[in-house]
Amino acid sequence: MNNIEKAASIIRDGGLVAFPTETVYGLGADASNQDACLKIFKAKGRPSNNPLIVHVASLEGAMSLAEFNADALLLSKFWPGPLSLVLPKKSDAKLADSVSAGLNTIAIRIPANDAALQLLESSGCSIAAPSANKSGMVSSTSDWHVKQNFEDEIFVLESESKCHFGLESTIVDLSTVTPTILRYGFITPEAIEGALNKKVAIASKLSEIKAPGMMYRHYSPKVKLRINASKLQDNEVGLNFADSKLDRKGSLNLSSSGDLSEAAANLFDYLHKLDKFALENDIEAIAVASVPNHSVGLAINDRLTRASEK
Ligand code: TXA
Ligand code: MG
């Protein structure tokens, strides 16, 4: 059996597999199997009211689970890709109850990563998968990160297919009158508005209740994180952007050329590395330079802000 077949058989047998997507690693289970999906909540320590994103291999597969309106069809042009759509769940959708956590909608996407697509094809299942990290902790963009979170608890699908983007998918809620961005990602608000040819709303603190996951502490390293830092304080290590100078042994730069896509791809990896460095060297905090707040920078700042809230 090759790696993909082994992972597919674990999924079909009701087990969990960590697998790469083009965004971050997912912690996947057969989305139609309630016991299997409950294992995800248990392994992550995830509150049961936080629904899971369902991954499918084709538009046809997506349409068998969710009601597609005209906007959904327009946005499906981003698939396979880093965009999750929240849509009304079909009444006959083969989905475990825990996946939608009591909501009448589901979040769904087709990932653009060969290993993820092969796993979906080979298992023949829709796969429910949150990011492969313990609840609240930094997301995983390599098998090393997954192992930092779960040690040997979980089978990890090792693959050449990488987490090219490095940040979770953009989530757009199309179950409401006005399309609403619930989570920033690589597909920017401008790109969504361009595809829909209309304005979209951005979830405010209050309406984030719609994406219950957004209410919790997220993406946090074990040591403290201080954002928009212009100078290093004692006992900090730096995470730079462009020509910022938070320089000390161990400091890293998200993108010395100031490229936001490169910075996004490095973000979680560098947070994992700096966290480990800080813990090993008795350093109290990671200080992060400010990152421009436009296009992909919106998603980077969203993750950094949440990670800094303790
Ligand atoms: O890129 C990604 O989206 C990755 C990869 C693995 O696909 N997955 C991911 O899953 O980031 P997770 O669980 O870490 O984040 C999913 C977010 C949560 O905030 C959850 O509350 C929200 O999606 N969500 C899921 N279903 C929803 C629904 N029906 N309505 C609103 N929000 C939903
Ligand atoms: Mg997550």
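Residues numbered from 1 in each chain as written. Chains lettered and ligands numbered in written order. Predicted model: local features only at pLDDT ≥ 70, side-chain atom pairs only at ≥ 80, totals over all residues. Heavy atoms only, no water.

Caption draft 1: Here's a closer look at helix α9 (residues 260-280). With 21 residues, α9 ought to run about 30 Å at 1.5 Å a step, and its terminal C-alpha atoms sit 29 Å apart, in line with that. At Leu267, α9 shows its maximal kink, close to 45 degrees. One side-chain oxygen of the residue at the start of α9 lies 2.8 Å from the amide nitrogen of Ser261, identifying that residue as Asp259. Asp282 occupies a position one or two residues after α9 and carries a positive phi of about 55 degrees. (Helix = DSSP H or I, 4+ residues; strand = E, 2+ residues; numbered from the N terminus. Expected span 1.5 Å × (residues − 1). Bend = angle between axes of the 7 residues up to and from the residue. Polar contact = N/O pair within 3.5 Å; in protein donor to acceptor, adjacent residues only side chain to side chain.)

Caption draft 2: How the structure looks around the pattern of salt bridges. According to the stated counting rule, one finds eleven salt bridges in the structure shown. Close ionic contact of Arg226 with Glu236 constitutes a salt bridge, the shortest N to O distance being 2.8 Å. Here the residue Arg226 occupies a position in strand β11 (residues 224-226), and Glu236 occupies one in strand β12 (residues 236-240), the gap between them amounting to ten residues. Among the charged side chains, a network of salt bridges with common partners joins Glu168, Asp302, Arg303 and Arg306. (Salt bridge = Lys/Arg side-chain N within 4 Å of Asp/Glu carboxyl O.)

Caption draft 3: The nonpolar core, seen in detail. Leu27, Leu75, Leu83, Leu85, Ile108 and Ile192 are the most contacted members of the largest nonpolar core, which totals 47 residues. Among the elements of the structure, β2 (26-30), α2 (34-44), α4 (70-75), β4 (83-88), β5 (105-109), α7 (143-150) and α8 (189-196) are those that each provide at least two residues to this core. Here Leu83 is in contact with Leu75, Phe78, Ile108, Arg109, Ser169, Thr170, Val172, Ile187 and Ile192, once residues within four sequence places are set aside. Counting residues in hydrophobic clusters, the runner-up holds 30 residues, among them Val24, Leu167, Leu267 and Val291. (Core = buried A, V, L, I, M, F, W, Y, C linked by side-chain atoms within 4.5 Å. Buried < 20%, exposed > 50% of the residue type's maximum accessible area, 1.4 Å probe, protein only. Contact = heavy atoms within 4.5 Å.)

Caption draft 4: Fine view of the sheet that holds strand β14 (residues 285-288). What the four strands build is an open sheet, ordered β11-β14-β12-β13; its pairing is parallel. Each edge of the open sheet is held by one strand with a lone partner, namely β11 and β13 (252-253). In this fold α9 packs onto β11, β12, β13 and β14, with an angle of close to 165 degrees to the strand it touches most, β12. (Pairing = 2+ DSSP bridges. Axes fitted to C-alpha atoms, helices over the stretch in contact; angles between N-to-C directions.)

Caption draft 5: Spotlight on the pairing of strand β9 (residues 180-183). Pairing analysis gives three bridges linking strand β8 (residues 170-173) to β9, with the strands arranged antiparallel. Note on β9: the bridge partner recorded for Asp173 is Thr180. The turn joining β8 and β9, which pair antiparallel and follow one another in sequence, is formed by six residues. Pairing analysis gives two bridges linking β9 to strand β10 (residues 201-202), with the strands arranged parallel. Directly across from Thr180, in β10, lies its bridge partner Ala201. In this fold, β9 hands off to α8, which returns the chain to β10; that crossover is right-handed. (Right-handed = clockwise from strand over helix to strand, strands pointing away.)

Caption draft 6: Focus on the pairing of β14. Where burial is concerned, the two faces of β14 agree: the one with Ala285 and Ala287 and the one with Ile286 and Val288 are both buried. As paired strands, β11 and β14 are joined by three bridges and run parallel to one another. What sits directly across from Arg226, in β14, is Ala287. Pairing of β12 with β14, which is carried by four bridges, proceeds in the parallel orientation. Residue pairing across strands places Glu236 opposite Ala285, the latter belonging to β14.

Caption draft 7: Here's a closer look at a nonpolar patch on the surface. Together, Leu59, Met63 and Leu73 give the surface a local cluster of nonpolar side chains, amounting to about 220 Å² of exposed area. On the secondary structure map, Leu59 appears in helix α3 (residues 59-63). With relative accessibility at 31%, the residue Leu59 sits in the partly exposed group. (Patch = residues over 30% accessible without salt bridge, like charges linked within 9 Å, V, L, I, M, F, W, Y side chains within 5 Å. Areas by Shrake-Rupley, 256 points an atom, 1.4 Å probe, with all protein chains shown as cover.)

Caption draft 8: Structural context of the environment of Val237. Relative to the helices and strands, Val237 resides in strand β12. On the basis of relative accessible area, Val237 is assigned to the buried category, the value being 0%. Those residues in contact with Val237 that sit more than four places away from it in its chain are Leu232, Lys249, Gly250, Ser251, Leu274, Phe277, Ile283, Ala285, Ile286 and Ala287.

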